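Structure at a glance
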Amino acid sequence: MPGTLTFDDLKSRVADGSIDTVLVCFVDMQGRLMGKRFHAVNFVETSFKETHCCNYLLATDLEMATPDGYASTSWQAGYGDYIMAPDLGTIRLVPWLAGTAMVLCDLLDHHTHEPVPHSPRAVLKKQIKRLAALGYEAKMATELEFFLFEKSLNEIRKEGFRNLQPISGYNEDYHIFQTTKEEDVMRPIRNHLFAAGLPIENTKGEAEAGQEELNIRYSPALDCADYHSIAKHAVKEIAWQNGRAATFMPKWDKDRVGSSSHVHQSLWKDDEAAFYDKPAKHGMSELMSHYMAGLINYAPDYTYFLAPYVNSYKRFARGTFAPTKTVWSVDNRTAGFRLCGENTKGVRVECRIGGSDLNPYLAQAAMLAAGIKGIEDKMKLAPATTGDIYEDAKAADIPQTLRAATETLRKSKFLREALGDDVVDHYTRAAEWEQEEFDRVVTDWEIARGFERA
Ligand code: ADP
């Protein structure tokens, strides 16, 4: 791909002065890029080996609070350092910033130099390795939905996040004319990301005013998660550069549909589509049916990784294309899981449960773990459901609140075995903290409802 650089490429661009800054980044629990801006000369001479960051960065919430209750770090332990180890296979240009390149890092324990188990890249790499031991490679695509707003982030924050005006006036699902009006932001998003080495497929208007979707071609799971994180970051930055705001919050208005991040998944063996079996029903191999059975059966266990905040659960509403049931269907958008590419080599499963706020490494890892379990236990896939699944009383529900998803996560024997107790305990604490913070707050809704009338 254009835009990806070898370390030698980077060194020559630093030598000729075209690159002067290297963003050295890792991905935090919330899926954000965190790190430092290096002078490029320092990076290519020394820091390419390693740099350091405070280990509280994998034990904070969205607002960088330092909650208690994490085994990995604390005030008592003195909040020491992690090693940020640049993965030199991820160097790329950042074309929307002058003279800038980027590299993603793995986080290592400062003393043992082992991967930090709960760091999102390590969580995903572990499941990729388990799958490789079975002889398969996962390819995935995460669709990114988000809203664009008329005003800039600074203006919106100063106004207290009130009177939010999306960039357009009506539902723009697949609209060309409306999306032409947004090309000042969306065209640079597509082109800069492509020039940064991401295989961009397209953008399109989505089913609300100001709602957009960005599609990136399916790729090996780790690349897919890297692309997702970089693209989400770029969308926010490029919107900001253009005096606009972008939000990946899954439900910013109770009366509008929310934003999701559907995850398309397929397994491959020696570059052949292992989910495809031409003579079989739907062209679905036995392997795919086991994988899907695991995905569906364990969805309640890993819902937290698809919906990590209180707000995430506001998206799960009937009649909005956001699913509430753990069943599968063929090309039916009301089910939690949809079989796409029926009877073709592109046959795959799309999980529709995740919100635009998911951390792609954690979500993909949890789903891979569920699929692997389905394969290992040769789990049997129930028949496909049909019709409006919102109305299907027999179909199982996913947890409907963060509180419920926290409990299914905490008690998940399967996730404890697949991800490790330390990882499950870490994210269970993150989930509890999120709920505790919300429970402390008096909301506008409570005041408007009760101030006079209670
Ligand atoms: P739709 O129009 O229904 O959203 P698309 O054809 O745009 O479907 O595909 C959606 C996503 O699925 C794209 O990002 C595409 O790259 C991805 N995809 C296509 N084939 C596969 C596959 N075999 N495995 C995983 N993802 C795939």
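Whatever comes next refers back to the structure up there.
This section reports on the structure supplied with the text. All figures in this text were calculated on a predicted structure; none of them were measured in a lab.

Our focus in this paragraph is the overall build of the chain. Helices and strands together make up the secondary structure of the chain, namely 14 helices and 17 strands. The globule rule puts the C-alpha radius of gyration for 454 residues at 22 Å, and the 22 Å found for the chain is close to it. Counting across all 454 residues of the chain, residues that qualify as buried make up 57%. For the chain, long-range pairs separated by at least 24 residues make up 72% of all intrachain contacts whose partners lie at least 6 apart in sequence. Of the side chains in the chain, 53 bear a positive and 65 a negative charge, and the two mean positions are spaced by 3 Å.

Further remarks concern the packing of aromatic side chains. Applying the stated criterion across every chain, the model contains 15 aromatic pairs. Each ring, one from Phe-7 and one from Phe-43, has its centre 6.4 Å from the other, and the planes form 90 degrees; the classification is edge-to-face. In this pair, Phe-7 sits in helix α1 (residues 7-15) while Phe-43 sits in helix α2 (residues 40-47), placing the two residues 36 residues apart along the sequence. Taking the relative accessible area as the measure of exposure, Phe-7 reaches 15% and is therefore buried. In this structure an aromatic cluster arises from ring pairing among Phe-7, Phe-38, Phe-43 and Phe-48.

Across the sheet, 4 strands lie side by side as β9-β10-β8-β12; this open sheet has antiparallel pairing. Both edges of this open sheet fall to β9 (200-205) and β12 (245-247), since each of them pairs with a single strand only. On average, each strand axis in the sheet is tilted by 30 degrees relative to the strand beside it, whichever way the strands run. Judged from the 5 bridges that link them, β9 and strand β10 (residues 211-216) form a sheet pairing that is antiparallel.

The next thing to look at is the pattern of salt bridges. Per the counting criterion, the structure on display carries 32 salt bridges. Across the pair Glu-350 and Arg-338 runs a salt bridge whose closest N-O atoms are separated by 2.6 Å. Placement of Glu-350 in strand β17 (residues 348-351) and of Arg-338 in strand β16 (residues 337-340) is noted, with a sequence separation of 12 residues between them. For Glu-350, a relative accessible area of 1% corresponds to the buried category. Judged by relative accessible area, which is 7%, Arg-338 ranks as buried. Within this structure, Asp-68, Glu-407, Arg-410, Lys-411, Arg-429, Glu-432 and Glu-436 form a network of salt bridges that share partners.

Another aspect to go through is the site of the ligand. The environment of the ligand is made up of 14 residues, and the closest members are Glu-143, Glu-201, Ile-216, Tyr-218 and Ser-266. At 3.1 Å from an oxygen atom of the ligand is found a main-chain nitrogen or oxygen belonging to Ile-216. One of the side-chain N or O atoms of His-264 is found 3.3 Å from an oxygen atom in the ligand. For the ligand, the protein covers 77% of the area, taking 560 Å² as the surface of the free molecule. For the shell around the ligand, the secondary structure elements donating two or more residues are β7 (137-142) and β13 (263-269).

Next up on the list: a nonpolar patch on the surface. A contiguous nonpolar surface patch, about 360 Å² in accessible area, is contributed by Val-442, Ile-447 and Phe-451. For Phe-451, the location among the structural elements is in the segment after α14 (444-450). On the basis of relative accessible area, Phe-451 is assigned to the exposed category, the value being 73%.

Let us now look at the side chain of His-262. Among the structural elements, His-262 can be located in the loop between β12 and β13. Taking the relative accessible area as the measure of exposure, His-262 reaches 6% and is therefore buried. A polar contact is formed between the side chain of His-262 and the side chain of Glu-350, at a distance of 3.2 Å. Setting aside chain neighbours within four positions, we find His-262 in contact with Ala-141, Thr-142, Glu-143, Glu-145, Glu-350, Cys-351 and Arg-352.

Two packed helices can be described by the angle between their axes and the distance between those axes. Two elements in contact, helix α8 (residues 286-297) and helix α10 (residues 360-376), have axes whose closest approach is 6 Å; the angle formed by their N-to-C orientations is 125 degrees. Judged by the inter-axis angle, α8 sits oblique to α10. Crossing of α8 over α10 shows right-handed handedness. Mapping the contact onto sequence places Leu-287, His-290, Tyr-291, Gly-294 and Leu-295 in α8 and Met-367, Leu-368, Ala-370, Gly-371, Ile-372, Gly-374 and Ile-375 in α10. The class makeup of the residues in the contact of α8 with α10 is 8 nonpolar, 4 polar and no charged.

Turning our attention to unusual backbone geometry. The backbone of Asn-163 shows a phi angle near 45 degrees, a positive value even though the residue is not glycine. Its location among the elements puts Asn-163 in the loop between α4 (153-158) and α5 (176-180).

Secondary-structure assignment places Thr-46 in helix α2. Residue class for Thr-46 comes out partly exposed when judged on its relative accessible area of 45%. Between the alpha carbons of Thr-46 and Asp-61 there is a distance of 32 Å; along the sequence they are 15 residues apart.

Calculation rules
- Residues numbered from 1 in each chain as written.
- Predicted model: local features only at pLDDT ≥ 70, side-chain atom pairs only at ≥ 80, totals over all residues.
- Heavy atoms only, no water.
- Helix = DSSP H or I, 4+ residues; strand = E, 2+ residues; numbered from the N terminus.
- Rg over C-alpha atoms; globule rule 2.2 N^0.38 Å.
- Buried < 20%, exposed > 50% of the residue type's maximum accessible area, 1.4 Å probe, protein only.
- Contact = heavy atoms within 4.5 Å.
- Lys, Arg positive; Asp, Glu negative; His and termini not counted.
- Charge placed at Lys NZ, Arg CZ, Asp CG, Glu CD.
- Phe/Tyr/Trp six-rings, centres within 6.5 Å; stacked < 30°, edge-to-face > 60°.
- Pairing = 2+ DSSP bridges.
- Axes fitted to C-alpha atoms, helices over the stretch in contact; angles between N-to-C directions.
- Salt bridge = Lys/Arg side-chain N within 4 Å of Asp/Glu carboxyl O.
- Near = heavy atom within 4 Å.
- Polar contact = N/O pair within 3.5 Å; in protein donor to acceptor, adjacent residues only side chain to side chain.
- Areas by Shrake-Rupley, 256 points an atom, 1.4 Å probe, with all protein chains shown as cover.
- Patch = residues over 30% accessible without salt bridge, like charges linked within 9 Å, V, L, I, M, F, W, Y side chains within 5 Å.
- Parallel < 35°, antiparallel > 145°, perpendicular 65-115°, else oblique.
- Left-handed = near helix turned anticlockwise from the far one by under 90°.
- Nonpolar A, V, L, I, M, F, W, Y, C, P; charged D, E, K, R; others polar.

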